[in-house]
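This is what each chain is made of:
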Amino acid sequence: MTDSKYFTTTKKGEIFELKAELNSDKKEKKKEAVKKVIASMTVGKDVSALFPDVVNCMQTDNLELKKLVYLYLMNYAKSQPDMAIMAVNTFVKDCEDPNPLIRALAVRTMGCIRVDKITEYLCEPLRKCLKDEDPYVRKTAAVCVAKLHDINAQLVEDQGFLDTLKDLISDSNPMVVANAVAALSEIAESHPNSNLLDLNPQSINKLLTALNECTEWGQIFILDCLANYTPRDDRESQSICERVTPRLSHANSAVVLSAVKVLMKFMEMLPKDLDYYGTLLKKLAPPLVTLLSAEPELQYVALRNINLIVQKRPEILKHEMKVFFVKYNDPIYVKLEKLDIMIRLASQANIAQVLAELKEYATEVDVDFVRKAVRAIGRCAIKVEQSAERCVSTLLDLIQTKVNYVVQEAIVVIKDIFRKYPNKYESVIATLCENLDSLDEPEARAAMIWIVGEYAERIDNADELLESFLEGFHDESTQVQLQLLTAIVKLFLKKPTETQELVQQVLSLATQDSDNPDLRDRGYIYWRLLSTDPVAAKEVVLAEKPLISEETDLIEPTLLEELICHIGTLASVYHKPPSAFVEGSRGVMHKRLPARTGSGEGTECPDVGNAAGGSAPEAAPSIIPSQGDLLGDLLNLDLAPPTTPAVLLPLMGAGFGAAPAVMPASLNAPVGGGLGDLFDLGGGVGMPMGAYIPPKTVWLPAMKAKGLEISGTFARRAGVIQMELVLTNKAMSVMTDFAIQFNRNSFGLAPAGPLQVLTPLGPNQTIEVSLPLSTVGPVMKMDPLNNLQVAVKNNIDVFYFSCQYPISMLFVEDGKMERQVFLATWKDIPNDNESQFQIQDCHLNSEAASNKLQGSNIFTIAKRTVEGQDMLYMSIKLSNGIWVLAELKVQAGNPNYTISLKCRAPEVSQCVFQCYEAVLKN
């Protein structure tokens, strides 16, 4: 008979009977009784009263009985800690049993008993098992250290178990190595700054040797550990890639994805012109394609990871378009993901294939999928210019099908195509107008209204069409109302005589009859513009629009880098960093891809500061030459003469925030008439602007903090760093007694006073608090450097979160270096400490850039023009005394700037570059 019989008994007085059976002299009867106890425990009955009797059964050689007793012990040790101590002697004895299975079983159970009283008794047996002659026992003991560390971290450190774990990385048995790595990785994750896994070329070599002989999960632990290592140079990076590549052909998809993660990370360090780089790209495609032949759930995980890989390196899968074609029996979630990747891989070479496929999808029965397919056709038109005409004719064919939701999606994407290619496909407007009556979705109605307003001069009955929408104005969604208001104003500016009544009607509806503040404000602005200065109104409303970009849904580059470092984990499926969904995310480390040591990626300018061992760039033009005429002339440079010297000079000399004594008349004079000056506030005046303050973001969502939501930002005002917090109570109870504390951090940031929440925070109330910060707190290097771990306490609980402050908050006001000092310092800092970055899509001239940066205490020391290129030499001083020197290259007409940073602490360069980017682009 099977073991199911143990679950069917319902006798009364059962506990008493079991007690008698457990104390029986017959071994078989004892075993039967323990099985009944475990069965009762499994179905939720309380059998803790039998604790002493079950523990007595531990003294046996029978492995099966011992396993059952240990199972019982793990379950009840927490509720019966005093009795659990009775079992300690047996553990100690079992850890010296001649049978390695029993020794391992004892040490495994020890790790699962989470009782503080017992842990100190278990240190000696654990120490013996870590040095056991049998590898099975050693590998079990390694995992036990991680479990013990979770219960009592101090005890593990005091007993020296961490050092023993590090020694196990050099063990002869690959499974022991894998478990030691897994244990150390887990401990390191909960203590991000402990540097437990001190990886070096020797230990990496040992891990790679063990990699070939491990079980699949062991391989995953080792590969994940390798992904956290940063090689010294491209040669070491290539060597690791060569030894990891065989894992790509493993049968387990988790091993494949872990190997892909390691290779994607280390490829960053390989020069693109290296033969091996091309070979590696070719090797990465087949395993990813193979993952798509698994069951749908695995396919989905693979596709989410491939989506990230394609955004980072589309060249890997550019020839594999066909595997992403949708199969009729794919679940909807797989279909939608494949569609997304198809668009990302679409290029001139394969666009005909892709369009034929998308047209086929647009006739499917699944409405969501059809909508996405129609939208995909529009995205292809925007991405591949040569295909735009074919895409438009495909969309027109689909509109002719008269299927309502297809027509509506087609109109939405045609609007985007008009934005991308103005004056090219407007001949299709007539066809679109025929379908006006069938539009019932807000997005489609808004798109159609935009088209009518934008091309009103080409549509004879534009006023009638817009008037038909106006009849039900109050029933429309806000999106449609806003679009209708703008469209009618455009129509009025193009045909003023015929549409005066119409524009008055819509302005009256928007300003007097509407309670939507956005609509009212827009209505008033148009009203005043039209009544004050119709010429200015025309310039504003009918201004030329910028072309829309090709890929609007790409993941932001720094987030993409972090997600690439998390391939094969939940983060790569959610497309969110772990800190966004892991509870208590202060233990989560932010990961970044290593900087390339070879040729610069995507730019023409080679990196000047080579990492150790990197090959020297071929005759690279140095950013500030180390010798020759150019640098010698730096001393004779003059800043461009300021436009308004009376204001500029005192401002530059005064501390930040000091106001000029007299505001010059030129700033108060209106430029043009009416509202013209509104659109040219201080334009072209050489004045430093205010310091950049990042927008507020949610740092602690309410769901993670029992209803308390914290959002905020950082600002520097008059030399004081402020942490600006918004506290919102989304719970049902009142919150009081607020306090705040910071963990040690890279720049010693600490609250300069208490958190001033003077009144209780009631349900659904929000309060804004400004907390002044000092930089004299305890210091510990964080990763990333500008990470800040915060604890906030109130009457309910203590909550933890981490946020990142812009390093520009630490730029002090006396950061302007003398020219001679600048020159000497630049020469003195080694070339290896120089980093070069690209700032893309920045449309400021050099003077505007200089003024903007000065607002954030980034000071221009000198400026010169070389071959039509403005070179700005700048200095920054951080609150801890670190100086950063910069050279910014700005070329008229080129929206991409090159910036070179030199610093004695090169690790701050990345953060400083991010500040430059944020300040210049906002």
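So, a few notes on the structure that sits alongside this text.

Thresholds, definitions, all that
- Residues numbered from 1 in each chain as written.
- Predicted model: local features only at pLDDT ≥ 70, side-chain atom pairs only at ≥ 80, totals over all residues.
- Heavy atoms only, no water.
- Core = buried A, V, L, I, M, F, W, Y, C linked by side-chain atoms within 4.5 Å.
- Buried < 20%, exposed > 50% of the residue type's maximum accessible area, 1.4 Å probe, protein only.
- Contact = heavy atoms within 4.5 Å.
- Helix = DSSP H or I, 4+ residues; strand = E, 2+ residues; numbered from the N terminus.
- Pairing = 2+ DSSP bridges.
- Salt bridge = Lys/Arg side-chain N within 4 Å of Asp/Glu carboxyl O.
- Axes fitted to C-alpha atoms, helices over the stretch in contact; angles between N-to-C directions.
- Parallel < 35°, antiparallel > 145°, perpendicular 65-115°, else oblique.
- Nonpolar A, V, L, I, M, F, W, Y, C, P; charged D, E, K, R; others polar.
- Expected span 1.5 Å × (residues − 1).
- Polar contact = N/O pair within 3.5 Å; in protein donor to acceptor, adjacent residues only side chain to side chain.
- Phe/Tyr/Trp six-rings, centres within 6.5 Å; stacked < 30°, edge-to-face > 60°.

1. So, the nonpolar core
Counting residues in each nonpolar core, the largest one holds 211 residues, and the members touching the most others are Tyr72, Leu126, Val244, Leu317 and Phe418. The residues contacting Tyr72, other than those within four sequence positions of it, are Val37, Ile38, Met41, Val47, Ser48, Leu50, Phe51 and Val54. In terms of nonpolar packing, the next biggest core, distinct from the first, is built from 64 residues, Phe714, Leu771, Phe799 and Leu878 among them.

2. A word on the pairing of strand E10 (residues 859–866)
Where burial is concerned, most of E10 is hidden: six out of the eight residues are buried. One ladder, built from seven bridges, connects E10 with strand E11 (residues 869–877); its direction is antiparallel. Looking at the pairing, Arg864 lines up with Met871 of E11. In sequence, E10 turns back onto E11 through a hairpin of two residues, with Glu867 there showing a positive phi of about 50 degrees.

3. Description of the pattern of salt bridges
What the rule picks out here adds up to 35 salt bridges. One salt bridge in this structure joins Glu268 and Arg313, with 2.6 Å as the shortest N-O distance. On the criterion of sequence distance, the pair formed by Glu268 in the loop between helix H17 (253–267) and helix H18 (275–291) and Arg313 in the loop between helix H19 (296–312) and helix H20 (332–345) is long-range, its members being 45 residues apart. When its relative accessible area of 5% is taken as the criterion, Glu268 is described as buried. When the shortest N-O distance is used, the salt bridge between Lys359 and Asp397 registers 3.1 Å.

4. So, the packing of helix H7 (residues 100–112) against helix H10 (residues 135–151)
Contact geometry of H7 with H10 gives a least axis separation of 8 Å together with a crossing angle of 10 degrees. By the angle between their directions, the pair H7 and H10 is classed as roughly parallel. Along the contact surface, H7 presents Pro100, Leu101, Arg103, Ala104, Val107, Arg108, Gly111 and Cys112, while H10 presents Tyr136, Val137, Thr140, Ala141, Cys144, Lys147 and Ile151. When grouped by side-chain class, the residues that make up the contact of H7 with H10 number ten nonpolar, two polar and three charged.

5. Quick word on helix H13 (residues 174–190)
With 17 residues, H13 extends 25 Å from end C-alpha to end C-alpha; this agrees with the ideal 24 Å at 1.5 Å per step. Summarising burial for H13: 14 of the 17 residues are buried, a large majority. Looking at where H13 begins, the residue whose side-chain oxygen comes 2.8 Å from the main-chain nitrogen of Met175 is Asn173.

6. Remarks on the packing of aromatic side chains
Across all of its chains, the model carries twelve aromatic pairs by this definition. An angle of 40 degrees between the planes, with centres 5.2 Å apart, marks the rings of Tyr361 and Phe369 as tilted. As far as burial versus exposure is concerned, Tyr361 and Phe369 are alike and both buried. Between the aromatic rings of Phe714 and Tyr805, the centroid separation amounts to 6.0 Å while the plane-to-plane angle is 70 degrees, which identifies the pairing as edge-to-face. Of this pair, Phe714 sits in strand E2 (residues 708–717) while Tyr805 sits in the loop between strand E8 (798–804) and helix H37 (819–828), placing them 91 residues apart in sequence. Here the two residues Phe714 and Tyr805 agree in accessibility, since each one is buried.

7. Examining helix H22 (residues 367–383)
Taking 1.5 Å of rise per residue, the 17 residues of H22 would be expected to cover 24 Å, and the 24 Å separating its terminal C-alpha atoms lies within 8% of that figure. Counted residue by residue, H22 has 13 buried out of 17 residues, so it is predominantly covered. The opening residue of H22, the one whose side-chain oxygen lies 3.2 Å from the backbone nitrogen of Asp368, is Asp366.

8. Examining the sheet that holds strand E12 (residues 883–891)
By definition, the strands of a sheet pair up through backbone hydrogen bonds, in either a parallel or an antiparallel sense. Reading across the sheet, the five strands line up as E9-E13-E12-E11-E10 and stay open at both edges, with antiparallel pairing between neighbours. Every other strand in the sheet has two partners, leaving strand E9 (834–839) and E10 as the edge strands with one partner each. Pairwise comparison of adjacent strand axes, ignoring direction, gives a mean angle of 20 degrees for this sheet. Across the face of the sheet, H37 comes into contact with E9, E10, E11, E12 and strand E13 (897–903) while running at roughly 95 degrees to E12.

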